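# Observations on the model geometry
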Amino acid sequence: IDDLAEVDYALNSLPAVFRPFIDLDLKGIVYPSGNYTGPPYVAAPFTIPDQSDSMLYLAFSEYFFQTSSFAYYTAGAFNITIAEETCSYFNISTEIFGSIIPEVAEYSVTPYPVMLKLMATEIPVISLEQDSFTVEIRGSMEVFAVLPDSATQSLFTMNITANTSIAPNIFDQKLMGSLCLNRLQFSLAHSNVGFFEISLLENIMSYILQTEVLPSANGKAAFQSISLK
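All chains use their own residue numbering, which begins from 1 and follows the written sequence. Per-residue local features of the predicted model are confined to residues with pLDDT of at least 70, and side-chain atom pairs are confined, for both listing and counting, to 80 or more; whole-chain, interface and lining totals are unaffected and use all residues. The side-chain values count all of the structure's non-hydrogen atoms but skip hydrogen atoms and water molecules.

Going by the annotation in an unreviewed UniProt entry, the name recorded for the protein chain is Bactericidal permeability-increasing protein, with Baryphthengus martii given as the source organism. UniProt positions are given in the numbering used here, feature names are shortened, and annotations may be inferred rather than shown by experiment. UniProt lists a comment for the protein chain under the heading Subunit (unreviewed entry), and it reads "Monomer. Homodimer; disulfide-linked." Heading Function (unreviewed entry) of the UniProt record for the protein chain holds this comment: "The cytotoxic action of BPI is limited to many species of Gram-negative bacteria; this specificity may be explained by a strong affinity of the very basic N-terminal half for the negatively charged lipopolysaccharides that are unique to the Gram-negative bacterial outer envelope."

### Considering the overall build of the protein chain
For the purposes of this entry, the term helix denotes a DSSP run of H or I that reaches at least four residues, the term strand denotes a run of E that reaches at least two, and both are numbered from the N terminus. Broken down by element type, the protein chain carries four helices and 13 strands. Expressed as a percentage of the 229 residues in the protein chain, the buried residues total 38%. Across the protein chain, the fraction of contacts at a sequence separation of at least 24, relative to all contacts at a separation of at least 6, is 61%. Reported accessibility uses the Shrake-Rupley method at a 1.4 Å probe radius. Residues are deemed covered only where the shown protein chains occlude them. Carbon together with sulfur atoms contributes 53% to the accessible area of the protein chain, which is approximately 13,500 Å² in total. For every residue, the accessible area obtained with a 1.4 Å probe (protein chains only) is divided by the maximum for its type, and the residue is called buried under 20%, exposed over 50%, and partly exposed between those limits. Contact between two residues is taken to exist if any of their heavy atoms lie within 4.5 Å; hydrogens are not considered.

### Describing the nonpolar core
Put simply, buried Ala, Val, Leu, Ile, Met, Phe, Trp, Tyr and Cys residues joined by side-chain atoms within 4.5 Å make one nonpolar core. The biggest cluster of nonpolar side chains holds 41 residues, and the ones touching the most others in it are Phe97, Leu116, Phe156, Met158, Leu201 and Met205. Elements that contribute at least two residues to this core include exactly α1 (62–74), β5 (80–82), β6 (114–120), β8 (132–146), β9 (152–166), β12 (180–191) and α4 (199–220). Note that domain bounds follow an automatic or database assignment of domains. A domain split of this core shows at least three residues from each of domain 1 (1–77) and domain 2 (78–228).

### Brief notes about the pattern of salt bridges
We define a salt bridge as a side-chain nitrogen of Lys or Arg found within 4 Å of a carboxyl oxygen belonging to Asp or Glu. Applying the stated criterion across every chain yields a total of one salt bridge. Here Glu136 ties to Arg183 by a salt bridge, and the two come within 3.5 Å at their closest N and O atoms. Here Arg183 lies in strand β12 and Glu136 lies in strand β8, a separation of 47 residues in the sequence. Here Arg183 falls in the partly exposed class, since its relative accessible area comes to 39%.

### Re the pairing of strand β7 (residues 125–129)
Pairing between β7 and β8: five bridges, direction antiparallel. Of the residues in β8, the one forming a bridge with Glu129 is Ser132. Here β7 folds back onto β8, and the loop between the two strands holds two residues, one of which, Asp131, carries a positive phi near 70°. Think of it this way: DSSP has to see at least two bridges between two strands before they count as a pair.

### Focus on the pairing of β6
Along β6, five of the seven residues are buried, which leaves the element largely enclosed by surrounding structure. As paired strands, β6 and β8 are joined by seven bridges and run antiparallel to one another. Bridge pairing in β8 links Ala120 to Gly139.

### Some thoughts on the packing of aromatic side chains
Each pair of aromatic rings taken from Phe, Tyr and Trp, with Trp reduced to its six-membered ring, is defined by centres within 6.5 Å and is described as stacked if the planes are under 30 degrees apart, edge-to-face if over 60, and tilted in the remaining cases. Per the stated rule, a full pass over the model turns up eight aromatic pairs. Both rings, one in Phe65 and one in Phe133, keep their centres 4.7 Å apart while their planes meet at 35°; by these two values the pair is tilted. Of the two residues, Phe65 is situated in helix α1 and Phe133 in strand β8; the sequence distance between them amounts to 68 residues. Among the residues examined, Phe65 registers a relative accessible area of 5% and is labelled buried. On the accessibility criterion, Phe133 (1% relative accessible area) is buried.

Okay, structure coming up:
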């Protein structure tokens with residue numbers, strides 16, 4: 001698939017040949033590249049609705065997407081660092097945070113650039129729905145001040161729960177899709193600047209996730225570009 005994951009698929013049983021159609025039962029598993037440890041899921045059988053309007057019907061089970069989530073989680077695809085030197089659009093400093101959170105202004109009197117480290121703390125949970133599926137991601141975001149000598153100083157850490165939806169489609173023989181944020185919740189996990197109301201940060205963090213994190217995740221996710229050739 002890419003540098004982080006690869007897919008293995010094989011016939012689960014002999015092809016079933018009928019007069020109007022041929023039924024192929026395949027089992028596909030997405031693994032982290034070079035790591036073929038079985039995922040912690042069990043594949044459940046399913047059937048395709050009886051239709052005959054098209055030449056080919058292709059169905060993916062929840063198991064396939066669950067193994068994709070496991071593979072990319074294991075490979076660290078959901079661990080993202082955002083800093084000014086890695087993203088030209090990211091230009092947030094402790095001064096900006098201090099204007100929202102007085103405790104940051106008191107802790108860091110001198111303005112410093114800010115760096116964000118995000119990571120998934122659990123395997124993202126994927127649930128199939130009609131015409132789309134949802135992804136529940138639980139993770140953390142640690143906010144650092146970047147000092148003049150390039151050392152970093154942790155300011156605070158937040159827990160994050162994000163609910164996203166994906167509407168997959170096939171284009172140019174590839175299964176594609178993109179994340180869309182439905183719900184976002186924050187809670188304060190640890191703070192070196194003192195306790196503060198997390199609601200003060202929700203708007204700015206939501207903006208960062210929408211403009212920086214989700215586009216980055218879309219570029220790495222398994223469902224972003226799986227070849228069907």
